[in-house]
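Close look at the chain arrangement
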Amino acid sequence: MNRRKVVSTAMACFMSAALLTTGCSNSGNQGANSPSPAGGKNTQTTVDAGGPLGKYETPIDVHAVRGINGSYKFPQGEDIGNNLWTRTYKDEFGINLIYDWVADSSGGNESAYNKKLNLMIASGELPDIVAVNSKQFKQLAEDGQLADLTEVFENYASPYLKDVAKQDGGMAMNSATINGKLLAIPGFNGNITNANVLWIRSDWMKKLNLPEPKTMQDLFAIMEAFATKDPNGDGGEGVVGLAANKNIYDSFADLLSFFNGYHAYPNGMWIKDAAGQLTYGGIQKEMKPALAKLQELYKSGLIDKEFGAKDAAKEAELLGQNKLGITFGANSNPFYPFDDARKLNPNMDWKAYPIPSIDNKPARPTVGFPIGTYYVVKKNFKHPEVIVKMFNANFEKFYGKTGDWDKWSVTKDPVTKERLEAFKWPFVYGFPPDKDVPGRYEALKKAVASNDPSALNGEQKADYEAYQAFKNGDQTKWSTVRQAGPTDSSFAVLNYYKEKDLLYTNEYRSSLQTQTMTLKWLTLLNLEKEMITKIIVGAPLDEFDKFVENWKKSGGDQITKEVNEWASTSK
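Being a predicted model, the structure only gives us computed values, none of them experimental. (Residues numbered from 1 in each chain as written. Predicted model: local features only at pLDDT ≥ 70, side-chain atom pairs only at ≥ 80, totals over all residues. Heavy atoms only, no water.)

1. A look at a positive patch on the surface
For clarity, the threshold we go by: By definition, no residue in a patch forms a salt bridge, and every one has over 30% relative accessible area; like charges are joined within 9 Å, nonpolar side chains (Val, Leu, Ile, Met, Phe, Trp, Tyr) within 5 Å. All accessible-area figures derive from a Shrake-Rupley calculation using a 1.4 Å probe, and residue coverage is judged against the displayed protein chains alone. Salt bridges are counted wherever a side-chain nitrogen of Lys or Arg sits within 4 Å of a carboxyl oxygen of Asp or Glu. His is not counted, nor are the chain ends, whereas Lys and Arg count as positive and Asp and Glu as negative. Note that the charge is assigned to NZ on lysines, CZ on arginines, CG on aspartates and CD on glutamates. Helix numbers and strand numbers start at the N terminus; a helix is a DSSP run of H or I with at least 4 residues, a strand a run of E with at least 2.
Residues K412, K417, R419 and K477 make up a contiguous surface patch of positive charge. Mapped onto the secondary structure, K417 falls in the loop between β14 (410–412) and β15 (419–421).

Pasting the structure below:
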């Protein structure tokens, strides 16, 4: 009987594959004059697709391509095409995911994966589902190669996925919608976690009996004290007041946040002027006083004299040398670079603070548009709902009521016991915008206050256990506590930003570059960084005015025109 069942299943798979092949071979002819599949052409597939988290009555083959890199590791005997997630897609959802090819995704847009995918797109030979960048998404949409997912999202998205889609105010979904049609599922992301915070060595503040910073003026006083009052006990020499690096904007030793403290918004930020037009933040008058102060700090020796020759990693070496106590940076800085420095300086401690303001108007940390990846379905593919079901599966198993963080996200090789990042293995990737803040932060804070972790999901429970271990002396949990802890953590600061509605998202809410941006944006951004560096190290402030004039002539005016054309069509 079992043998008959196996044979029957094999036949069903064969028939399914045969039907799919037939469907694909006819897709070109059908596509020329037919409405999109979601426009009522998928009645048959919706009958047997099993609902948002159900299993296809008849298993389906789904062809895809995949970019991976050297950070992907698997248990012995497994790979990207055969792992926990591919087996789960097949066993629980009836989705037989087949990678037609896999290529190295290292190098971003210039990666082997993207080059190979670009050739595939140009040839019109798309797989059934594929992850693309914003430029590729735009090209595929304009070429009419994509399935309309509007209806299948409405019919197949789980309540959780629909909630995720709303958490950023609909920003991600809007970016995937063209001419009223949802043509992709965006790789959901939380831009609040991209906001930087102010990090200060709290052990030095305690040693020097310094008050916590409320304003930029307070911060300048702390810089001065760190640089002159010998907090590291080396005789009062060599401590840098504020970290900076040659790239100006970064996740460590960042100066964008300093500009934000002066209500200036460079680094690709588009803001609205008084007339409601989009204008570039990096050429506004608010830049000048911030540049003047940075020049003063440098002249006073409070900024590393060699910052113009150091990237963030090189500047971070000052941490290990016990010569740096203030930096603007990412919420993840406790894991890198602070954790390595603490191994050399066990008494080192850092606390996170909101970006201070130069006046009585709150500083607003800037963040870019958060979506860079779109998951699309080939037009006329018989099962467009499959990409929605994959997102349902991911979010449920990572964060849902039945989720198990230890199983699906970070697991162990059963043989070597090495910790493996299983969250990289699913075909789709993304996370709820509110997952970390307020999600993890509020959940841990509440559990610590009540001493009751019973309501936590797997990821949150790991935070709770780390917090309790740290309280009991386990210093290896310091990084987790300084990122996600109830107080003094970067998540606490990000939650403050959220509660006070301080986050400032780029008004150009698209990951697509305008035509002139594609040609000239990198050059303009480099001009901006060069101007900032020159002024910090001593060039006249008039260099800023020359930069603005040059920026406008070198493509900035045309980009501004194109950005506003985008804005007029996006309302």
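2. Quick word on the sheet that holds strand β7 (residues 197–201)
Rules: Here, a strand pair is defined by DSSP locating no fewer than two bridges between the strands. The angle between two axes is taken between their N-to-C directions and runs from 0 to 180 degrees, where each axis is a line fitted to C-alpha atoms and a helix contributes only its stretch in contact. The contact criterion used throughout is that any non-hydrogen atoms of two residues lie within 4.5 Å.
Strand order in this open sheet of three strands is β10-β7-β11, and the pairing throughout is antiparallel. Of all strands in the sheet, those with a lone pairing partner are β10 (326–329) and β11 (350–353), marking the two edges. Neighbour-to-neighbour, the strand axes of the sheet open up by a mean angle of 30°, direction not taken into account. Summarising the sheet, β7 and β11 pair through four bridges and their orientation is antiparallel. Across the sheet, W199 pairs through a bridge with A352, a residue of β11. Against the sheet, helix α10 (residues 216–228) touches β7 and β10, its axis set at about 135° to β10.

3. What to know about the side chain of D463
Put simply, the rule reads: The rule is simple: take the accessible area with a 1.4 Å probe, protein chains only, and divide by the maximum for that residue type; under 20% is buried, over 50% is exposed, in between is partly exposed.
Note on placement: D463 falls in helix α19 (residues 458–471). For D463, a relative accessible area of 5% translates into the label buried. If near-sequence neighbours (up to four positions away) are discounted, D463 is found in contact with R440, L444, T480 and A484.

4. Details of the environment of Q483
You can see Q483 is positioned in helix α20 (residues 478–484). Along the backbone, Q483 and V493 are 10 residues apart, and their C-alpha atoms lie at a distance of 9.7 Å. Those residues in contact with Q483 that lie beyond four places of it in its chain are N331, S332, P334, F335, R440, S489, S490 and F491.

5. Quick notes on the packing of aromatic side chains
Spelled out, the test is: Two rings from Phe, Tyr or Trp (for Trp, the six-membered ring) form a pair when their centres sit within 6.5 Å of each other. Planes less than 30 degrees apart are called stacked, planes more than 60 degrees apart edge-to-face, and all others tilted.
Across all of its chains, the model carries 31 aromatic pairs by this definition. Measuring from ring centre to ring centre gives 5.4 Å for W270 and Y280, while their planes differ by 55°; the resulting arrangement is tilted. In this pair, W270 is assigned in strand β8 (residues 270–272) and Y280 in strand β9 (residues 278–280), connecting sequence segments 10 residues apart. Y280 carries the same exposure label as W270, and that label is buried. Consider the rings of Y375 and F391, whose centres lie 5.5 Å apart with planes at 80°: the pair is edge-to-face. Residue Y375 is located in strand β13 (residues 373–377), and its partner F391 is located in helix α16 (residues 386–399); the two are separated by 16 residues in the primary sequence.

6. Notes on the pattern of salt bridges
Within this structure, the stated rule accounts for 28 salt bridges. Between K73 and E418 there is a salt bridge, with the nearest N and O atoms lying 3.4 Å from each other. With K73 in the loop between β1 (60–68) and α3 (84–93) and E418 in the loop between β14 and β15, this pair connects stretches of sequence that are 345 residues apart. Between E306 and K310 there is a salt bridge, with its nearest N and O atoms 3.9 Å apart. Its relative accessible area of 11% is what places K310 among the buried residues. Overlapping salt bridges, with partners in common, bring together K435, D436, R440, E459 and D463 in one network.

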